[in-house]
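In case you want the letters, here they are:
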Amino acid sequence: MVTGAGNCRIILHADMDSFYAAVETREHPELEGMPVVVGADPMDGRGRGVVSTCSYEARKFGVHSAMAISRAYHLCPHAVFVRPHFPLYIRASREIMEILREYGDRFEQVSIDEAYLDLSSLDDWHEAGRVAGRIKERIRGQLGLTCSIGIGPGKIVAKIASDLRKPNGLTIVKLEEAEGFLAPLPVEKIPGIGIKTAAALRNIGIERIGDLVSADIQVLMGVLGKAAVDLVAIARGIDEREVEEGDGVKSVSRETTFERDEEDTDTLLSVLDELAEELVCELEEDRALCRTVTVRVRFPDFSTHTRSKTLLHPTREIRILSATARELAGLLLQGGRVRLIGLRFSSLLVLGGDQRCLSDFYPGPGSADETDPKGVDSDRPDRDQGVLE
Ligand code: TTP
Ligand code: MG
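Residues numbered from 1 in each chain as written. Chains lettered and ligands numbered in written order. Predicted model: local features only at pLDDT ≥ 70, side-chain atom pairs only at ≥ 80, totals over all residues. Heavy atoms only, no water.

Caption draft 1: Structural detail: the site of ligand 1. Near ligand 1 you find 14 residues, and of these Asp 15, Ser 18, Thr 53, Tyr 56 and Arg 59 are the closest. A distance of 3.0 Å separates an oxygen atom of ligand 1 from a polar backbone atom of Tyr 20. Within the side chain of Tyr 56, an N or O atom sits 2.6 Å from an oxygen atom of ligand 1. Calculation on ligand 1 without its partners gives an accessible area of 550 Å², and the protein chains cover 74% of this total. At the level of elements, strand 1 (11-16), helix 1 (19-27), strand 3 (51-54) and helix 2 (56-59) are the ones that each hand at least two residues to the shell around ligand 1. When the residues that make up the shell around ligand 1 are grouped by side-chain class, the tally is five nonpolar, four polar and five charged. (Near = heavy atom within 4 Å. Polar contact = N/O pair within 3.5 Å; in protein donor to acceptor, adjacent residues only side chain to side chain. Areas by Shrake-Rupley, 256 points an atom, 1.4 Å probe, with all protein chains shown as cover. Helix = DSSP H or I, 4+ residues; strand = E, 2+ residues; numbered from the N terminus. Nonpolar A, V, L, I, M, F, W, Y, C, P; charged D, E, K, R; others polar.)

See the structure below:
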């Protein structure tokens, strides 16, 4: 029997399966069924840098995103190691998002390979499931890629559901099933609850999402602060956050969390270069120029520091942006171990009409005075926000 959704919202979350690796396999069909690892050059096990992602075949050997590429090589030396081709992924992402946005009353892209749709105007969950089926068929038929979809009464349930039966999964969690669906899952499944918060929760006897519902709210607030109230609501399946239509790109960012804290400066800088390369591709696709570069570094004690620099002229020259990122990283890295490194390009100037590149505005690539030496505007030791950051 199909249950009508009534006044309840119906939210869909779609996430592509092993996205970069799937695009590579589509481009090179001979890779089908093989372990494919996209990331830094493994250099016979001596390579620096990390795994961006890998095919599900490679995951069977224990390889995963953010793992040191040298470790991936040792786990699965016969894998096909591929360097990333960001323009391909960004094009595929655009095409995927174009398909997805056709189906929802509201559409929100949240990363290169995932988006939410608000399907609340549909009659019931069954109808939403049919829409999900059509989306999957179109993405597969037109783009040769698979995705996993979760449908639920709110964003968090939908997101957790999309991850449940990967790859090529479809999971529908109705409103009345949401609390029971969440209850047995580990708290880390809630987006924003990381290792540190999960450990603090474990200390007070909370391991599963259902434990949050029965916990003493005062004790919970001692660990989570005000977020405790939100998290208990989420654990009950109550999540009112709307699918928010973006009003254009304001910033682009990427970060890498190392599986093992990284202390080699060359490795850290080479990861930063890759992040910059990827973000420049996004700027190109968005026809945008960047004015502010921010590097974020999180240390093993979870203290997080950022440094920003505002450039004199907006640019998307990789040379300038990479050099600025490296310069900022130099101010933050002190030879110690690093847990996460991230890069953000903000204060974007989105170009309209015929203007295509920097040289339309400023002749020649940026010179030494491209950057504003007074632009370093923050060294803000952030407190770890832990929850729902
Ligand atoms: P994810 O959706 O997290 O991963 P995925 O699509 O590869 O695999 P899954 O089937 O589990 O969803 O990330 C999307 C892409 O973002 C991924 O293909 C590569 C990139 N990425 C990185 O470059 N580094 C990372 O640490 C992660 C997690 C992703
Ligand atoms: Mg994905």
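Caption draft 2: Geometry of the environment of Cys 147. Relative to the assigned elements, Cys 147 resides in strand 7 (residues 147-152). With 21 residues separating them along the chain, Cys 147 and Asn 168 place their C-alpha atoms 5.2 Å apart.

Caption draft 3: Quick peek at the coordination of the magnesium ion (ligand 2). Those protein atoms acting as donors to the magnesium ion (ligand 2) are Asp 15 (OD), Met 16 (O) and Asp 113 (OD), and they sit at 2.0 to 2.3 Å. In this structure, the magnesium ion (ligand 2) is coordinated by six donor atoms arranged in octahedral fashion, with angles at the metal of 78 to 177°. (Donors = N, O, S within 2.8 Å, 3.2 Å for Na, K, Ca; no water. Tetrahedral: all angles 85-135°; square planar, octahedral: opposite > 155°, others 65-115°.)

Caption draft 4: Up close: the packing of aromatic side chains. With the rule as written, the count across this model stands at six aromatic pairs. What links up through ring pairs into an aromatic cluster is the set Phe 19, Tyr 20, Phe 86 and Tyr 89. A cation over a ring is seen here: Arg 59 above Tyr 56, with NZ or CZ 4.1 Å from the ring centre. (Phe/Tyr/Trp six-rings, centres within 6.5 Å; stacked < 30°, edge-to-face > 60°. Lys NZ or Arg CZ within 6 Å of the ring centre and 35° of its normal.)

Caption draft 5: Examining a nonpolar patch on the surface more closely. Taken together, the side chains of Ile 204, Val 219 and Val 223 define a hydrophobic patch exposed on the protein surface, amounting to about 190 Å² of accessible area. Topologically, Val 223 is positioned in helix 10 (residues 217-224). (Patch = residues over 30% accessible without salt bridge, like charges linked within 9 Å, V, L, I, M, F, W, Y side chains within 5 Å. Salt bridge = Lys/Arg side-chain N within 4 Å of Asp/Glu carboxyl O.)

Caption draft 6: Representation of the packing of helix 12 (residues 265-286) against helix 13 (residues 318-332). With their axes 9 Å apart at the nearest point, helix 12 and helix 13 run at an angle of 140° to one another. Our classification of the angle between helix 12 and helix 13 gives oblique. Considering only the axes of helix 12 and helix 13, their crossing is right-handed. On helix 13, the residues touching Leu 269, Ser 270, Leu 272, Asp 273, Ala 276, Glu 277, Val 280 and Leu 283 of helix 12 are Ile 318, Leu 321, Ser 322, Ala 325, Arg 326 and Ala 329. Across the contact of helix 12 with helix 13, the residue classes break down as nine nonpolar, two polar and three charged. (Axes fitted to C-alpha atoms, helices over the stretch in contact; angles between N-to-C directions. Parallel < 35°, antiparallel > 145°, perpendicular 65-115°, else oblique. Left-handed = near helix turned anticlockwise from the far one by under 90°. Contact = heavy atoms within 4.5 Å.)

Caption draft 7: Summary view of the pairing of strand 7. When you tally the buried positions in strand 7, you get six out of six residues, the bulk of the element. Burial of strand 7 is two-sided: the residues Cys 147, Ile 149 and Ile 151 facing one way and the residues Ser 148, Gly 150 and Gly 152 facing the other way are all buried. With six bridges connecting them, strand 1 and strand 7 associate as antiparallel partners. Bridged to Met 16 within strand 7 is Cys 147. In this fold, strand 7 hands off to helix 6 (residues 155-164), which returns the chain to strand 8 (residues 170-172); that crossover is left-handed. (Buried < 20%, exposed > 50% of the residue type's maximum accessible area, 1.4 Å probe, protein only. Pairing = 2+ DSSP bridges. Right-handed = clockwise from strand over helix to strand, strands pointing away.)

Caption draft 8: Highlighting the nonpolar core. Counting residues in each nonpolar core, the largest one holds 40 residues, and the members touching the most others are Leu 12, Phe 19, Tyr 89, Ile 96, Leu 100, Ile 139 and Leu 145. For this core, the elements supplying multiple residues, two or more each, are strand 1, helix 1, strand 2 (36-39), helix 4 (86-101), strand 6 (114-118), helix 5 (125-143) and strand 7. Examining the composition of this core, we find that nine residues originate from one element, helix 4, more than from any other. When sequence neighbours within four positions are dropped, the list of residues in contact with Leu 12 reads Ala 115, Tyr 116, Leu 117, Leu 119, Ala 132, Ile 135, Ile 149, Gly 150, Ile 151 and Ala 158. (Core = buried A, V, L, I, M, F, W, Y, C linked by side-chain atoms within 4.5 Å.)

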